[in-house]
Amino acid sequence: MYQIISDSACDLSSQYIKEHNITIVPISVSFDGETYYRDSIDISRQECYQKMVDDPKLFPKTSLPSVESYADTFRQFTDQGIPVICFTISLALSGSYNSARTAKELIEEENPNAQITVLDSQQNTVTQALILDQVVRMRDAGISFENMLEKMEKLMHSARIIFTVGSLDYLQKGGRIGKVAVAATGKLGVKPIIIMKDGEIGLGGIGRNRNKLKNSIIQVTKKYLEENGKDNFVVSVGYGYDAAEGVSFMSAVEEGLDVKLNSETNVAIGIVSAVHTGPYAIGIGVIQKYETL
């Protein structure tokens, strides 16, 4: 019916991607500013994380997919007359959206009948995954391309990711979310609770103790769900290098929110987000179910 495409910032598992016929365009990462490795193709998540953990002074950089990469991907489907919807990481964090938009324009010049929609997801990692999952569900339910697009603005507006980090150094080095870091460093040793919504990064609280920060994440999420109808939402968890912490946090979230997590969209936070937030990010993503819009 239509092909779902995303850059690799969505962090969905390879199993999910294969089972649900999603096409991924990789973002690249570099540790020296010269050699770039394609996410999950030339370098694994584990390899990237291990480098960062082994050398805390290492601050890798990402590089957006090329216009050519997006164009070649789009052509695989538009040449067959298949409509395409492509989601990218928030424009606040990467220029991936601009690259995809330029590719769309090139394809449409070649093929005026091509149907390509490129959307800035206004999200990243677990919430980008949740957006894609809702589109997969709509496609598999037989909802038309046009009707699916009509739901996207409200759907993306409902998404929130609430998270914290292990170190502020990555936020400050990256510069893209520097205001949050500045706001949170007013007191020595303080870490932020960060909320991402509608493509913007905001401060949701501060604290020093990791466990208390995680509990605060649950409480901030609980308030949002209660205000907007908890049963209308899908909830998932994203975690960094420490997988055991991620599993423990999942149990705490289910108990604290009285919800059942969507296990398919619980994500091991990937390379792209790790560059901006470091190896120890952890948080909750939520999105409204498309049926309730």
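Above this text sits the structure in question.
Each value, and the rule that gives it
- Residues numbered from 1 in each chain as written.
- Predicted model: local features only at pLDDT ≥ 70, side-chain atom pairs only at ≥ 80, totals over all residues.
- Heavy atoms only, no water.
- Helix = DSSP H or I, 4+ residues; strand = E, 2+ residues; numbered from the N terminus.
- Rg over C-alpha atoms; globule rule 2.2 N^0.38 Å.
- Buried < 20%, exposed > 50% of the residue type's maximum accessible area, 1.4 Å probe, protein only.
- Contact = heavy atoms within 4.5 Å.
- Areas by Shrake-Rupley, 256 points an atom, 1.4 Å probe, with all protein chains shown as cover.
- Lys, Arg positive; Asp, Glu negative; His and termini not counted.
- Charge placed at Lys NZ, Arg CZ, Asp CG, Glu CD.
- Core = buried A, V, L, I, M, F, W, Y, C linked by side-chain atoms within 4.5 Å.
- Right-handed = clockwise from strand over helix to strand, strands pointing away.
- Salt bridge = Lys/Arg side-chain N within 4 Å of Asp/Glu carboxyl O.
- Expected span 1.5 Å × (residues − 1).
- Arc of directions from axis to C-beta.
- Polar contact = N/O pair within 3.5 Å; in protein donor to acceptor, adjacent residues only side chain to side chain.
- 1 Å grid on protein atoms, 1.4 Å probe; cavity = no way out; pocket = protein on both sides within 12 Å on 5 of 7 lines; lining within 4 Å.
- Points joined across faces, edges and corners; volume = space filled by probe spheres on them.
- Nonpolar A, V, L, I, M, F, W, Y, C, P; charged D, E, K, R; others polar.

> Would you mind showing me how to read the overall build of the protein here?
Within the protein, the secondary structure is distributed over 11 helices and 13 strands. The globule rule puts the C-alpha radius of gyration for 293 residues at 19 Å, and the 18 Å found for the protein is close to it. Its C-alpha atoms give the protein principal-axis dimensions of roughly 55 × 45 × 30 Å. The buried share of the protein, reckoned over its 293 residues, is 54%. Restricting the contact set of the protein to residue pairs at least 6 apart, pairs at least 24 apart contribute 75%. Of the accessible surface of the protein, which amounts to about 13,100 Å², a share of 46% is contributed by carbon and sulfur atoms. In the protein, 29 side chains carry a positive charge and 36 a negative one; their mean positions are 8 Å apart.

> Looking at this model, I keep getting lost on the nonpolar core. Mind explaining?
The nonpolar side chains of soluble globular proteins are, as a tendency, buried together. With 54 residues, the main nonpolar core has Leu12, Ile85, Phe87, Val135, Met138, Met148 and Met152 as its most contacted residues. Ranked by residues supplied to this core, first place goes to helix α5 (residues 125–140) with 8 residues. Residues Ile218, Phe233, Val253 and Ile282 belong to the second largest nonpolar core, which totals 20 residues.

> Would you explain the pairing of strand β6 (residues 84–88) in this entry?
Each regular strand shows side chains that alternate between the opposite faces of the sheet. Summarising burial for β6: 5 of the 5 residues are buried, a large majority. Judged by which residues are buried, β6 turns out to be covered on both faces: Val84, Cys86 and Thr88 on one side and Ile85 and Phe87 on the other are all buried. Viewed along the sheet, the connection from β6 through helix α4 (residues 96–110) into strand β7 (residues 116–120) turns out right-handed.

> Mind showing me how you'd approach the pattern of salt bridges here?
When their charged atoms lie close together, side chains carrying opposite charge are able to pair. In this structure the tally under the stated criterion is 11 salt bridges. The shortest N-O distance in the salt bridge between Glu110 and Arg75 comes to 2.8 Å. Placement of Glu110 in helix α4 and of Arg75 in helix α3 (residues 67–78) is noted, with a sequence separation of 35 residues between them. Here Lys260 makes a salt bridge to Glu254, at a shortest N to O gap of 3.9 Å. Look at Lys260 and you get exposed, because its relative accessible area is 69%. By sharing partners, the salt bridges in this structure join Asp72, Arg75 and Glu110 into a single network.

> I keep staring at helix α10 (residues 243–257) and nothing clicks. Help me out?
Residues that lie three or four places apart on an α-helix share one face, since the helix turns once every 3.6 residues. Under the 1.5 Å per step criterion, the end-to-end length of α10 is 21 Å for 15 residues, consistent within 8% with the ideal 21 Å. Where α10 is concerned, the buried positions are Glu245, Gly246, Phe249, Met250, Val253 and Leu257. One side of α10 holds all its buried residues, which, seen down the axis, span an arc of 145 degrees. With respect to the buried face of α10, the exposed residues turned more than 90 degrees away are Ala244, Val247 and Glu255. Of the surrounding secondary structure, the elements contacted by the buried residues of α10 are α9 (210–228), β11 (233–239) and β13 (282–288). The N-cap residue of α10 is Asp242: its side-chain oxygen and the backbone nitrogen of Ala244 are 3.2 Å apart. One or two steps after α10, the chain reaches Asp258, where phi turns positive at roughly 55 degrees.

> Honestly, the layout of surface pockets in this entry has me stumped. Any pointers?
Over the atoms, a rolling probe the size of a water molecule traces out where space has been left empty. The space that makes up the largest pocket amounts to roughly 290 Å³. Lining the largest pocket are 16 residues, and of these Ser8, Leu12, Ile17, Asp39 and Ser40 sit closest to its centre. Of the residues contributing to the lining of the largest pocket, the split by class is 8 nonpolar, 5 polar and 3 charged. Roughly 150 Å³ of volume is contained in the second largest pocket. Thr23, Ile24, Val25, Pro26, Ser28, Arg38, Leu64, Pro65, Ser66, Ser69, Thr73 and Gln76 together form the lining of the second largest pocket. Those elements that provide at least two residues to the lining of the second largest pocket are β2 (22–25) and α3. When the residues that make up the lining of the second largest pocket are grouped by side-chain class, the tally is 5 nonpolar, 6 polar and 1 charged.

Without other data, these values stay purely geometric and don't point to any function.
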